[in-house]
Amino acid sequence: DEMSERVFDAAKELKSFSVTSVSLLIVHLLLSDPEKDLLKLQKTTEFAKIFLTNSIRVPDTLKECEHIEIIDLSRFLAKAIESSQLGFSLKKIKL
């Protein structure tokens, strides 16, 4: 989709200015065209490293890629839910 194309274009643009390494952080992975987008993330050379959170299910094919690292949010989300239920501020959540 348009947003993913912008991200890849931005990486190319940075490299045109002699940036040697570009990383990408995807907080909530939503794919408009899953087959195409997964393949693009798997095969990309634009990013030295891609970080994905597991706020939603991460496809197994991405978990196997060397340049993709999954950031586990389960403890943070559990603490956020618990704090919210107990009426505590979310600002004070520590991992």
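Refer to the structure printed above.
This section reports on the structure supplied with the text. The structure presented is a predicted model; accordingly, all values stated were derived computationally and were not measured.

Cut-offs and rules
- Residues numbered from 1 in each chain as written.
- Predicted model: local features only at pLDDT ≥ 70, side-chain atom pairs only at ≥ 80, totals over all residues.
- Heavy atoms only, no water.
- Pairing = 2+ DSSP bridges.
- Helix = DSSP H or I, 4+ residues; strand = E, 2+ residues; numbered from the N terminus.
- Axes fitted to C-alpha atoms, helices over the stretch in contact; angles between N-to-C directions.
- Salt bridge = Lys/Arg side-chain N within 4 Å of Asp/Glu carboxyl O.
- Buried < 20%, exposed > 50% of the residue type's maximum accessible area, 1.4 Å probe, protein only.
- Patch = residues over 30% accessible without salt bridge, like charges linked within 9 Å, V, L, I, M, F, W, Y side chains within 5 Å.
- Areas by Shrake-Rupley, 256 points an atom, 1.4 Å probe, with all protein chains shown as cover.
- Phe/Tyr/Trp six-rings, centres within 6.5 Å; stacked < 30°, edge-to-face > 60°.
- Lys NZ or Arg CZ within 6 Å of the ring centre and 35° of its normal.

### Considering the sheet that holds strand β1 (residues 23-26)
Sheet architecture is open: 3 strands sit in the order β1-β2-β3, paired in parallel fashion. Each edge of the sheet is formed by a strand with only one pairing partner; in this case those strands are β1 and β3 (68-71). In this sheet, neighbouring strand axes are inclined to one another by 20° on average, regardless of whether the strands run parallel or antiparallel. Summarising the sheet, β1 and strand β2 (residues 49-53) pair through 4 bridges and their orientation is parallel. Bridging from a neighbouring strand, L25 pairs with F51 of β2.

### As for the pattern of salt bridges
In this structure the tally under the stated criterion is 3 salt bridges. One salt bridge connects K40 with E5, and the closest N-O pair in it is separated by 2.6 Å. Of this pair, K40 sits in helix α2 (residues 34-43) while E5 sits in helix α1 (residues 2-16), and the two are 35 residues apart along the sequence. For K40, a relative accessible area of 26% translates into the label partly exposed. Taking relative accessible area as the criterion, E5 reaches 30% and is therefore assigned partly exposed. For K63, the salt bridge identified is with D60, shortest N-O distance 3.6 Å. One end of the pair, K63, and the other, D60, are both in helix α3 (residues 60-63), 3 residues apart, so they sit about a helical turn from each other.

### Topic: the pairing of β2
One ladder, built from 4 bridges, connects β2 with β3; its direction is parallel. Bridging from a neighbouring strand, I50 pairs with I68 of β3.

### Some remarks on a nonpolar patch on the surface
A contiguous nonpolar patch, built from L14, F17 and V19 and spanning about 280 Å² of accessible area, is present on the exposed surface. Structurally, F17 is set in the loop between α1 and β1. Assessed through its relative accessible area of 61%, F17 is described here as exposed.

### Section: the packing of aromatic side chains
Tallied over the full model, the rule gives 1 aromatic pair. With a centroid separation of 5.3 Å and 70° between ring planes, the pair formed by F8 and F47 is classed as edge-to-face. Here F47 lies in the loop between α2 and β2 and F8 lies in helix α1, a separation of 39 residues in the sequence. The exposure class assigned to F47 is buried, which follows from its relative accessible area of 5%. Over the ring of F8 we find K40; its NZ or CZ atom is 4.4 Å from the centre of that ring.

Keep in mind these values describe shape, not function.
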